[in-house]
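Summary of structural features
Read off the chains here:
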Amino acid sequence: MKKSALQFRFRSISRQSWRFTLGLLAAGLMTCTPSGVIAQTETDPQTLSYTQLLERVDGGQVEAIEYDPKTKTAKVTLINQSETPYTVEVLPEHPELLEKVRQQNVDYDVNPSTDNSAARSLLANLVIIFILFLVVFLLLRRSAASSGQALNFGKSRARFQMEAKTGILFEDVAGIDEAKEELQEVVSFLKETERFTSIGARIPKGVLLVGPPGTGKTLLAKAVAGEAEVPFFSISGSEFVEMFVGVGASRVRDLFRKAKENAPCLIFIDEIDAVGRQRGTGIGGGNDEREQTLNQLLTEMDGFEGNNGVIVIAATNRPDVLDSALLRPGRFDRQVTVDLPDRKGRHKILDVHARTKKLAEDISLSLLARRTPGLSGAELANLLNEAAILTARRRKEVIGQSEIDDALDRLTIGLKLKPLLDSKKKCLIAYHELGHALLATLLENTDPLSKVTIIPRSGGIGGFAQMIPDEENVDSGLYTRSWIIDNIIMTLGGRACEAEVFGDLEVTRGAEGDIQQVTNLARRMVTLYGMSDLGQLALETPNGEVFLGGDNMNRSEYSQKIAEKIDLQVRTIANNCYGEARRLIRENRALIDRLVDLLLEQETIEGDEFRKLVAEYTQLPKKQQEMVMAQ
Ligand code: ADP
Ligand code: MG
Ligand code: ZN
């Protein structure tokens with residue numbers, strides 16, 4: 001019985017102090033004393049008033065009084081009372097009570113309480129200090145953990161992956177036949193090392209794959225390992241380079257040690273330009289860590305004989321920045337170029353990825369390959385995948401033409417949004433896009449129109465006019481001067497049409513992208529292509545960026561005078577083209593007004609229909625005329 005009462009009390013105290021701490025945390029540091037007092041007075045329901053106490057003492061009912069001068073309360077125990085005593089608030093001076101007490105012979109005791117509130121605020125402060133310590137401790141432990149990880153590296157935490165079997169074969173890689181052929185040789189080096197070494201041939205140690213992203217370099221390296229049936233070790237150049245000096249080098253050591261244990265095998269280093277940049281260059285001087293890593297890589301490549309069956313394949317899209325030491329014989333002495341696929345290549349890649357997809361009968365992958373110049377293997381794979389996702393979302397059984405069209409638009413332009421409601425904005429967009437579309441159809445050297453639409457797309461695109469790129473141009477990159485000029489005129493057609501129809505003050509910033517593109521093209525004509533009055537001079541690097549590597553720091557070093565001339569030339573090209581665009585729009589104003597009504601109503605006009613409408617009205621250039629006749 002007693003024990004349980006004790007437990008209860010204990011529990012009530014702890015609950016009370018918990019509530020106290022909570023209250024304190026909520027109210028902040030300064031309120032600790034008040035909240036302590038509140039917590040104290042809440043309990044003890046048994047109370048008497050002072051007069052009641054006096055009466056009880058008079059009546060001889062009181063056994064004992066315990067007075068606490070600190071809180072100015074008295075605990076009163078009545079005769080025959082076993083429960084908790086009554087609490088009475090008493091005045092600081094209470095002679096009448098003392099007199100009665102003496103008369104009645106009541107046990108009177110003065111007993112100052114221990115000062116609880118002080119203890120509590122001490123406790124509260126301790127709690128806060130404890131929490132602070134805990135936070136600091138956790139922070140310290142986290143940083144200790146990460147630095148510990150760095151220190152232990154090299155032993156345990158290998159960052160490279162090893163695949164015993166990649167399961168990828170050459171037949172999974174399509175459209176890059178030349179690269180495949182060159183790597184065929186590497187497969188035989190790995191497979192039949194004996195055959196080469198017995199006649200004294202030195203097997204090359206490294207192959208560098210060079211090409212734009214998404215062209216299948218990683219895939220190709222995996223296919224080599226898969227064909228040769230050897231393990232595939234891969235690491236990315238950026239994973240070598242860490243914050244702590246020496247970690248990258250130890251990773252390289254580790255990687256090569258593991259590889260030698262597993263020979264014959266293939267090591268694949270992706271993005272090797274991250275470590276292999278020309279040493280001692282770059283903004284802010286050299287990077288010690290990177291150089292150490294690169295040195296280690298060079299040492300390792302020298303240290304093993306190609307004959308023991310380890311071959312390193314590295315990939316990069318910036319071969320120009322690589323350190324020349326990497327490229328000398330005995331290291332990455334073979335370079336294999338992996339280019340964007342041409343039409344046949346795209347067809348084959350589409351075939352490979354269509355193997356796992358359900359396509360409708362009438363879909364022509366060769367036509368799709370024709371429509372996708374400039375797309376990489378990865379983008380083509382993604383295109384078919386997007387089409388498959390769209391098909392599933394539309395609850396269809398097989399991938400149809402409309403899904404492929406929509407997926408292509410989505411990849412190249414953006415997600416389709418809801419059409420705009422009729423408004424001035426919509427009208428302006430329609431005129432703008434018509435400006436592009438009409439000029440694309442009227443100019444001799446532009447690519448023909450694929451479609452013009454005013455259905456908005458994600459990314460802030462209100463509408464667009466799309467051309468069918470000329471395949472030969474895209475594949476060869478050999479754009480003529482007249483193509484570039486006509487394209488500048490066509491690109492300015494949007495703004496020109498806005499200005500002709502709505503006036504020079506009403507044009508919008510919708511042409512921002514067009515103008516940027518025009519400036520870019522015009523500038524390149526002057527500074528790179530030698531297509532201006534300044535003559536055949538290369539005045540800038542192709543990327544127009546601060547050159548990060550390479551021993552020829554060929555950043556443009558022209559005088560202020562030349563810079564002014566460049567600006568003048570660029571401005572002349574842009575102004576002349578804009579004048580031409582305005583003229584063409586002005587001369588065909590009636591046609592544009594007719595087309596705008598149709599575009600506002602239909603929201604999309606296909607290229608063929610558009611050409612036919614324009615041909616009814618005016619003479620088309622020969623190429624476009626033929627397209628109309630061919631229908
Ligand atoms: P890279 O390493 O050159 O950036 P990847 O090898 O990572 O390109 O290619 C990414 C994906 O794109 C591949 O997994 C594959 O599905 C697809 N792909 C790219 N090129 C080809 C190709 N030539 N043939 C088949 N698929 C390709
Ligand atoms: Mg890759
Ligand atoms: Zn535009």
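The structure we're discussing is the one just above.
Residues numbered from 1 in each chain as written. Chains lettered and ligands numbered in written order. Predicted model: local features only at pLDDT ≥ 70, side-chain atom pairs only at ≥ 80, totals over all residues. Heavy atoms only, no water.

What follows covers the overall build of the protein. For the protein, the count of helices and strands is 25 helices and 14 strands. Per-residue burial for the protein yields a buried fraction of 42% across its 631 residues. Taking contacts inside the protein between residues at least 6 apart in sequence as the whole, the part at least 24 apart equals 72%. For the protein, the accessible surface area stands at approximately 34700 Å², while carbon and sulfur atoms represent 53% of it. (Helix = DSSP H or I, 4+ residues; strand = E, 2+ residues; numbered from the N terminus. Buried < 20%, exposed > 50% of the residue type's maximum accessible area, 1.4 Å probe, protein only. Contact = heavy atoms within 4.5 Å. Areas by Shrake-Rupley, 256 points an atom, 1.4 Å probe, with all protein chains shown as cover.)

Take the packing of aromatic side chains next. Using the criterion set out here, one finds 4 aromatic pairs in the structure. Ring centres 4.8 Å apart and planes at 75 degrees place the aromatic pair Phe 189 and Phe 196 in the edge-to-face group. Pair check on accessibility: Phe 189 and Phe 196 agree, each one buried. Measuring from ring centre to ring centre gives 5.6 Å for Tyr 431 and Phe 502, while their planes differ by 85 degrees; the resulting arrangement is edge-to-face. Remark: Phe 502 occurs in helix 20 (residues 481-502) and Tyr 431 occurs in helix 18 (residues 424-442); sequence separation between them is 71 residues. Overall, Tyr 431 belongs to the buried group, its relative accessible area being 8%. The class for Phe 502 is partly exposed, based on a relative accessible area of 21%. (Phe/Tyr/Trp six-rings, centres within 6.5 Å; stacked < 30°, edge-to-face > 60°.)

This part covers the sheet that holds strand 6 (residues 161-163). Working definition: the strands of a sheet are paired by backbone hydrogen bonds and lie parallel or antiparallel to each other. Here we have 6 strands laid out as an open sheet, ordered 6-8-9-10-7-11, and mixed in their pairing. The open sheet is flanked by strand 6 and strand 11 (334-337), the only strands paired with a single partner. Strand-to-strand, the axes of this sheet are offset by a mean angle of 20 degrees, without reference to chain direction. Here strand 9 (residues 265-270) runs beside strand 10 (residues 310-316); their pairing, made up of 5 bridges, is parallel. (Pairing = 2+ DSSP bridges. Axes fitted to C-alpha atoms, helices over the stretch in contact; angles between N-to-C directions.)

Around ligand 1 lies a shell of 15 residues, among which Ala 174, Gly 214, Lys 217, Thr 218 and His 353 are the nearest. With respect to ligand 1, the backbone of Gly 216 contributes an N or O atom lying 3.0 Å from an oxygen atom. A distance of 2.8 Å separates an oxygen atom of ligand 1 from a polar atom in the backbone of Lys 217. Considered on its own, ligand 1 offers 560 Å² of accessible surface; in the complex 78% of this is hidden by protein. Put simply, the parts of the chain that give the shell around ligand 1 at least two residues each are helix 8 (217-228), helix 14 (343-354) and helix 16 (377-393). (Near = heavy atom within 4 Å. Polar contact = N/O pair within 3.5 Å; in protein donor to acceptor, adjacent residues only side chain to side chain.)

This paragraph deals with the side chain of Asp 273. Tracing the backbone shows Asp 273 in helix 11 (residues 273-276). Judged by its relative accessible area of 12%, Asp 273 is buried. Among the polar contacts made by the side chain of Asp 273, one reaches the side chain of Thr 316 at a distance of 2.9 Å. Contacts of Asp 273, omitting those with residues within four sequence positions, involve Ala 315, Thr 316, Asn 317, Arg 318, Val 321 and Leu 322.

Note: strand 2 (residues 62-68) against strand 3 (residues 73-78), 6 bridges, orientation antiparallel. Across the sheet, Glu 66 pairs through a bridge with Lys 75, a residue of strand 3. Taken together, strand 2 and the strand that follows it, strand 3, pair antiparallel across an intervening segment of 4 residues, in which Lys 72 is found at a positive phi of about 55 degrees. Pairing geometry for strand 3 and strand 4 (residues 86-89), over 4 bridges, is antiparallel. Looking across to strand 4, one finds that Val 76 is bridged to Tyr 86.

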